[in-house]
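Commentary on secondary and tertiary structure
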Amino acid sequence: MKILTLNCGSSSLKFDVIHTTIEKMQRNEDSSLVRGIIEKIGSNEAIVRFKTHHGHDSKVKMPVNDHKEALKKIIEILTGDNPKILSSLEEIAGVGHRVVHGGETFTKSVVIDSAVKEEIVACSDFAPLHNPQNLIGIQVASEFFPHIPHVAVFDTGFHHTMPNYSYIYPLPYNIYQKHRIRRYGFHGSSHRFVSKQAAELLGIPSEKSKLITAHLGNGCSITAIRGGRSVDTSMGHTPLEGLMMGTRCGDIDPALILHIMNKEGLSIAEADAMMNKKSGLLGISQLSNDLREIEDARDKGHEMATLALDIFCYRLKKYISSYMGVLGGADALVFTGGIGENSCIVRELATKDLDFMGIKIDQSKNTMNNGVLGKYERPTDISASDAKVKTLVVPTNEELVIARDTVLCIEKLL
Ligand code: AMP
């Protein structure tokens, strides 16, 4: 089956066509035919980028007014002759959509019908910046592909196994009862994917594994996984809680928000923007939210870039240590995401002095591939030979999870 996956943001549309079947996914033999992104949708200078599995690489600027036009462009790419990707659109057997928030309703991926759409709308209250965009993607794709199944894969889905003492905030309980305010967690597809890959690499059945997975990208979250099930995760009701991120502050004293609003005369929207868009690596370094730039500046002695990286790694180390306690030890610590897969400095600093709890990396394995050759192409063990807890770098593939779930839902196996 060829599955089109779509990840619809406010001004972007990411796509991938993945060739997979139940047999292929069991043997890890499913593959991407083409993947790409259209950015700056709504402008005359939208950027259309894609790369095929044959290595054809394309990047052009053109006007793209809205998401409908963007999908039309994607369909042109898929059905064009240069390069040839599909013989016809009929080859697409299903469309998998990333949906950020599934609330308490969606614990796994589902075939989209009108009732599902209504529930996704209802969950928009929890993710006002994301769910409405995801819905636009579903709407537009349904117009172009009206006769094949569409499946929603939720970022929150994997975390529904958390116990109540992990997801309930110690606020008055009626806040949860009235508004369903609780920890939901995000990056679920990524945590699920890399934990499965890690268990396979370790040769441990997923049901018996204890893993800590750190997804470190522009957004960062870390999850404690016991027996293949999420038991705690650092992001909360929103993707703001937890680790320090590119532009998000992560955990802070909750009283500070009101205090800063008062001191700085900030509106709710301004306070929200401060915590989500002006904090994190960018806020401390005053330089960039991009870790590569922070690392370069740190190498040149930039004081605030050094501090930004130190805070980032220190906070990550605190979470790793606390999840070791949550799980009562772990088989492996897994790094993934743009930072987790590529930054040897972050992996080094975040695991420094943790050998007392069994975590110890081998520096030569840690620095292998870093930057120069780009990503670790496959799951790699970077632990020291005497480490009790393995440290792994596992490239994530959220699109593959979406495509696989789409097939499983179509086959009614999920
Ligand atoms: P993602 O959201 O997963 O695409 O990750 C984006 C983050 O990964 C950004 O902070 C990038 O700076 C970081 N990143 C990507 N490549 C590298 C690299 N080679 N070294 C350090 N950080 C990187």
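Going by the structure above, here's the rest.
Residues numbered from 1 in each chain as written. Predicted model: local features only at pLDDT ≥ 70, side-chain atom pairs only at ≥ 80, totals over all residues. Heavy atoms only, no water.

**Let's talk about the overall build of the chain**
Test applied: Only runs of H or I of at least four residues qualify as helices and only runs of E of at least two qualify as strands under DSSP, and these elements are numbered from the N terminus. Values of the radius of gyration come from C-alpha atoms, whereas the globule rule sets the reference at 2.2 Å times the count of residues to the power 0.38. Throughout, a contact is declared for two residues whenever any of their heavy atoms are within 4.5 Å. All accessibility values rest on the Shrake-Rupley procedure with a 1.4 Å probe; residue burial counts only the protein chains present in the view. Positive residues here are Lys and Arg, negative ones are Asp and Glu, while His and the chain termini are left out of the count. Throughout, a charge is located at the NZ atom of Lys, the CZ atom of Arg, the CG atom of Asp or the CD atom of Glu.
Within the chain, the secondary structure is distributed over 16 helices and 14 strands. The C-alpha atoms of the chain give a radius of gyration of 21 Å, which matches the 22 Å a tight globule of 414 residues would have. At a minimum sequence separation of 6, the contacts of the chain that also span at least 24 residues come to 63%. Accessible area for the chain stands at about 19,400 Å²; split by element, carbon and sulfur atoms hold 52% of it. Side-chain charges of the chain comprise 47 positive and 49 negative groups, with the mean position of each set lying 2 Å from the other.

**What about the packing of helix 12 (residues 303–327) against helix 14 (residues 344–351)?**
The following threshold applies: The axes are straight lines fitted to the C-alpha atoms, using for helices just the contacting stretch, and the angles between their N-to-C directions are given from 0 to 180°. Roughly parallel covers angles under 35 degrees, roughly antiparallel covers those over 145, roughly perpendicular covers 65 to 115, and oblique covers all other angles. What makes a crossing left-handed is the near helix being turned counterclockwise from the far one by less than a right angle; a clockwise turn instead makes it right-handed. Amino acids outside the nonpolar list (Ala, Val, Leu, Ile, Met, Phe, Trp, Tyr, Cys, Pro) and the charged list (Asp, Glu, Lys, Arg) are all regarded as polar, and Gly is one of them.
Helix 14 packs onto helix 12 with a crossing angle of 50 degrees between their chain directions and a minimal axis gap of 8 Å. The pairing of helix 12 with helix 14 is recorded here as oblique in orientation. Crossing hand, helix 12 versus helix 14: right-handed. Of helix 14, the residues touching helix 12 (which contributes Leu309, Asp310, Phe312, Cys313, Leu316, Lys317 and Ile320) are Ile345, Val346, Leu349 and Ala350. When the residues that make up the contact of helix 12 with helix 14 are grouped by side-chain class, the tally is 9 nonpolar, no polar and 2 charged.

**Considerations on empty space enclosed by the protein**
Unfilled space is identified by rolling a water-sized probe across the atoms. What counts is decided by this rule: Using only the protein atoms, space was sampled on a 1 Å grid; points where a 1.4 Å probe fits but cannot get out form cavities, open sets with protein on both sides within 12 Å along at least five of seven lines form pockets, and lining residues are those with an atom within 4 Å of a point. Grid points are joined across faces, edges and corners, and a volume is the space filled by probe spheres set on the points.
Considering all chains together, one arrives at 1 cavity of 30 Å³ or more under this definition. By volume, the largest cavity is sized at about 40 Å³. The residue makeup of the lining of the largest cavity, split by class, is 8 nonpolar, no polar and no charged.

**So, the site of the ligand**
Our working definition: Consider each residue's heavy atoms; a residue with any of them within 4 Å of a molecule or strand counts as near. Nitrogen and oxygen atoms within 3.5 Å of one another constitute a polar contact, given that in protein one can donate a hydrogen and the other can accept it, and given that sequence-neighbouring residues count only through two side-chain atoms.
Surrounding the ligand, one finds Gly217, Asn218, Asn289, Asp290, Leu291, Arg292, Gly337, Gly338, Ile339 and Asn342. Here an oxygen atom of the ligand and a backbone polar atom of Asn218 are 2.9 Å apart. Where the shell around the ligand is concerned, the elements lending two or more residues are helix 11 (291–299) and helix 13 (337–342). Element by element, the count of residues in the shell around the ligand is highest for helix 13, at 4 residues.

**Considerations on the pairing of strand 4 (residues 43–52)**
Inclusion rule: Two strands qualify as a pair provided DSSP detects at least 2 bridges between them.
With 6 bridges connecting them, strand 3 (residues 31–39) and strand 4 associate as antiparallel partners. Directly across from Ile38, in strand 4, lies its bridge partner Val48. Counting the residues between successive antiparallel strands, the hairpin from strand 3 to strand 4 contains 3 residues, one of them, Lys40, with a positive phi of roughly 55 degrees. Across 7 bridges, strand 4 lies against strand 5 (residues 57–64) in antiparallel orientation. The residue of strand 5 that forms the bridge with Phe50 is Ser58. Adjacent in sequence and paired antiparallel, strand 4 and strand 5 are bridged by 4 residues, among which Gly55 carries a positive phi angle near 95 degrees.

Geometry only, nothing functional implied.
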